[in-house]
2 protein chains.
Amino acid sequence: MRARGFVLWFTGLSGAGKSTLASRVAPILRERGLQVEILDGDAVRENLSKGLSFSKADRDVNVRRIAFVANLLARNGVCAITAAISPYRAIREECRRRSEAPFVEVFVDAPLSVTEARDVKGLYKQARAGEIPHFTGVTDPYEPPLDPEIVVRTGEESLEASVAHIIAALEARGLVPA
Amino acid sequence: MRARGFVLWFTGLSGAGKSTLASRVAPILRERGLQVEILDGDAVRENLSKGLSFSKADRDVNVRRIAFVANLLARNGVCAITAAISPYRAIREECRRRSEAPFVEVFVDAPLSVTEARDVKGLYKQARAGEIPHFTGVTDPYEPPLDPEIVVRTGEESLEASVAHIIAALEARGLVPA
């Protein structure tokens with residue numbers, strides 16, 4: 001019997017911890033017997049969306065492509081984890097509506113003050129200096145989910161606590177064997 | 001136990017029968033217990049490559065995207081069937097090299113005289129009238145595979161014979177249970 005696939009859709013500011021969480025959750029799900037694929041924002045831009053800008057229109061195209069691929073994987077029994085900023089609520093909701101497998105939205109809720117203070121990739125500094133146009137949280141909007149399945153507050157709780165919270169929520173939904 | 005995924009890569013002229021063969025092979029593989037996903041040329045252009053032209057550079061980008069998604073599926077145990085013209089040999093060979101799962105190339109070998117006489121979508125007529133630039137076989141090259149795993153001659157043999165040939169070849173490779 002093949003496991004039921006689903007989409008685990010991380011959304012949040014740059015530096016909130018989406019990719020880190022994805023890379024920590026994935027091996028746990030694999031240990032439980034699931035097939036898992038991570039669609040990282042950067043990897044998808046390289047392979048599916050090269051040449052697209054960070055304008056709203058191009059971001060929407062990029063996020064729709066991620067959702068298209070995530071859906072292909074999920075409807076074939078794979079847990080597809082996406083880890084792109086995906087700042088616009090309407091497009092995320094569209095991705096949810098189009099999903100043929102359960103769609104679990106994880107809001108990685110770290111405030112801008114935290115993500116900017118961390119500035120792991122130095123991008124906020126560049127954005128403040130005007131070197132990166134359309135930077136989410138600085139010169140571009142971020143629209144938080146209104147009713148996400150899971151919220152993790154990575155500015156307040158440990159990485160381990162966030163991971164445990166996600167796994168428990170997936171178990172509670174019957175998507176991951178306990 | 002999850003089945004082993006693989007990529008079943010159809011290549012051939014427009015109208016050679018790639019999509020028809022894919023749609024006939026897929027249900028047979030599903031009956032044998034495989035997860036199967038068809039990545040049709042038109043569907044991929046709509047969802048992953050909108051805005052790309054049919055220039056060599058853009059075709060290459062499109063084919064690489066198909067291969068990227070096919071590989072994600074195949075490495076997660078899915079049989080990913082691609083049905084795009086994919087006219088350039090070097091790009092097909094690149095897709096093969098990058099594949100993390102078995103890559104089975106099916107040359108749908110119908111001569112131009114046959115595909116143009118059929119002209120199912122009326123595209124050859126438009127291409128001859130100069131209404132479609134870069135049309136494979138008319139104003140753009142098609143480079144046949146030199147050593148494909150499977151060749152089907154859809155201009156000479158019945159659809160049923162081509163399908164049976166493909167299934168038998170996949171069985172012989174241990175990719176499909178008999």
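So, a few notes on the structure that sits alongside this text. Just so it is clear, the structure is predicted and the values come from calculations on it, not from any experiment.

Brief notes about the packing of helix α2 (residues 41-48) of chain A against helix α3 (residues 56-74) of chain A
All names here are of chain A. Put simply, α2 and α3 touch, their axes get as near as 11 Å, and they point 95° apart. By the angle class used here, α2 and α3 are roughly perpendicular. Packed against α2, whose contacting residues are V44, R45 and L48, the element α3 presents R59, N62, R65, I66 and V69 at the interface.

Side note on the sheet that holds strand β4 (residues 103-108) of chain B
Across a sheet, strands are paired by hydrogen bonds formed along the backbone, either parallel or antiparallel in direction. Residue and element names in this part refer to chain B. Spatially, the five strands line up as an open sheet ordered β2-β3-β1-β4-β5, and their pairing is parallel. Either end of the sheet is taken by a strand with one partner, and the two such strands are β2 (36-40) and β5 (150-152). Put simply, the sheet's adjacent strands are angled 20° from each other on average, direction ignored. Here three bridges tie β4 to β5, and the two strands are oriented parallel to one another. Across the sheet, the residue bridging to V108 is V152, located in β5. Along the sheet, helix α3 (residues 56-74) makes contact with β1 (6-11), β2 and β3 (79-83), crossing β1 at roughly 150°. Contacts from helix α7 (residues 159-172) reach β1, β4 and β5, with the element oriented near 170° to β5.

Rules of the game
Residues numbered from 1 in each chain as written. Chains lettered and ligands numbered in written order. Predicted model: local features only at pLDDT ≥ 70, side-chain atom pairs only at ≥ 80, totals over all residues. Heavy atoms only, no water. Axes fitted to C-alpha atoms, helices over the stretch in contact; angles between N-to-C directions. Helix = DSSP H or I, 4+ residues; strand = E, 2+ residues; numbered from the N terminus. Parallel < 35°, antiparallel > 145°, perpendicular 65-115°, else oblique. Contact = heavy atoms within 4.5 Å. Pairing = 2+ DSSP bridges.

Function cannot be inferred from these measures alone, as they are strictly geometric.
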